[in-house]
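Fold and geometry: a report
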Amino acid sequence: MRMMLLRLINALRTVRARGLTRDPAASSLEHLYLRFGRDILAQAAQDRALSDAIAREVAVIDQSIEQQGARPGPVELRSFLMGYGQGVIDSAVIRPDLVAQDTSCDSPYPSSVVRLGALSQKAFAGGLLRMT
């Protein structure tokens, strides 16, 4: 009986370890999409100005990736987008006053909204996200 209990505990630890070490960046992209991106893209589908701003920001992301010199694969793209998303979230949390005043994206929407929409759009285009 004790041996069975030890095997069960070991199996549970193994399953938990596999779950924790699975590609955490992918689940983080999914989390950003579910938390912010889905609503932003739904709003962009109804608002032409937001859609255009997101398209311009996707072009900026593409240009940044091209400047690195290599066409990234899924892992590199995921890493780039997670860093990009972390920067957007950090700037919105640390300095929300600056984000509210930021007009670099030429739209009535805050830059964080446009950038999170672009992140979601680029992740879909790269095959990193699926519709849920």
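To keep things clear, this report deals only with the structure shown in the data block. Chains are numbered independently. Their residues run from 1 in the order of the written sequence. The model is predicted, so local features are restricted to residues of pLDDT at least 70 and side-chain atom pairs to those at 80 or more, both for listing and for counting; the totals for chains, interfaces and linings are taken over all residues. Hydrogens and water are ignored here; the side-chain numbers use all heavy atoms of the structure.

1. Looking at the packing of helix α3 (residues 48–67) against helix α6 (residues 111–125)
Put simply, the rule reads: Fitting a line to C-alpha atoms yields each axis, with helices limited to the stretch in contact; the angle taken between N-to-C directions then spans 0 to 180 degrees. Helix and strand labels come from DSSP, where a helix needs a run of H or I of at least four residues and a strand needs a run of E of at least two; each type is numbered from the N terminus. Relative orientations are named as follows: roughly parallel for angles under 35 degrees, roughly antiparallel for angles over 145 degrees, roughly perpendicular for angles from 65 to 115 degrees, and oblique for any other angle. Handedness of a helix crossing follows the sense of rotation of the near helix relative to the far helix, less than a right angle counterclockwise being left-handed and clockwise being right-handed. Only heavy atoms matter for contacts: two residues are in contact if any of them lie within 4.5 Å across the pair.
Orientation of α3 relative to α6, taken along the N-to-C sense of each, is 65 degrees, at an axis distance of 8 Å. If you check the angle between α3 and α6, you find them roughly perpendicular. Seen from above, α3 lies across α6 with right-handed handedness. For the pair α3 and α6, contact is made by L50, A53, I54, E57, V58, I61, D62 and I65 and by V113, V114, R115, G117, A118, L119, Q121 and K122, respectively.

2. Things to note about the packing of aromatic side chains
Applicable threshold: Note on aromatic pairs: the rings of Phe, Tyr and Trp (six-membered ring only in Trp) are paired at centre separations within 6.5 Å, and the planes decide the class, stacked below 30 degrees, edge-to-face beyond 60, tilted for the rest.
One pass over the full model with this rule turns up two aromatic pairs. Relative to Y84, the ring of F80 has its centre 6.5 Å away and its plane inclined at 20 degrees; by these criteria the two rings are stacked. Placement of both F80 and Y84 in helix α4 (residues 74–94) is noted, with a separation of four residues, approximately one turn of the helix.

3. Structural notes on the pattern of salt bridges
As a reminder, the rule being used: We define a salt bridge as a contact between a side-chain nitrogen of Lys or Arg and a carboxyl oxygen of Asp or Glu at a distance within 4 Å. To sort residues, take the accessible area from a 1.4 Å probe on protein chains only and compare it with the maximum for the residue type: under 20% means buried, over 50% means exposed, and anything in between is partly exposed.
Scanning the entire structure with this criterion turns up three salt bridges. Note that K122 is salt-bridged to D62, the shortest N-O span being 2.5 Å. Of this pair, K122 sits in helix α6 while D62 sits in helix α3, placing them 60 residues apart in sequence. Judged by relative accessible area, K122 falls into the buried class, the value being 16%.

4. Observations regarding the environment of S28
When you line up the elements, S28 lands in helix α2 (residues 24–46). Each C-alpha atom, one on S28 and one on G85, is 9.6 Å from the other, the two residues being 57 residues apart in sequence.

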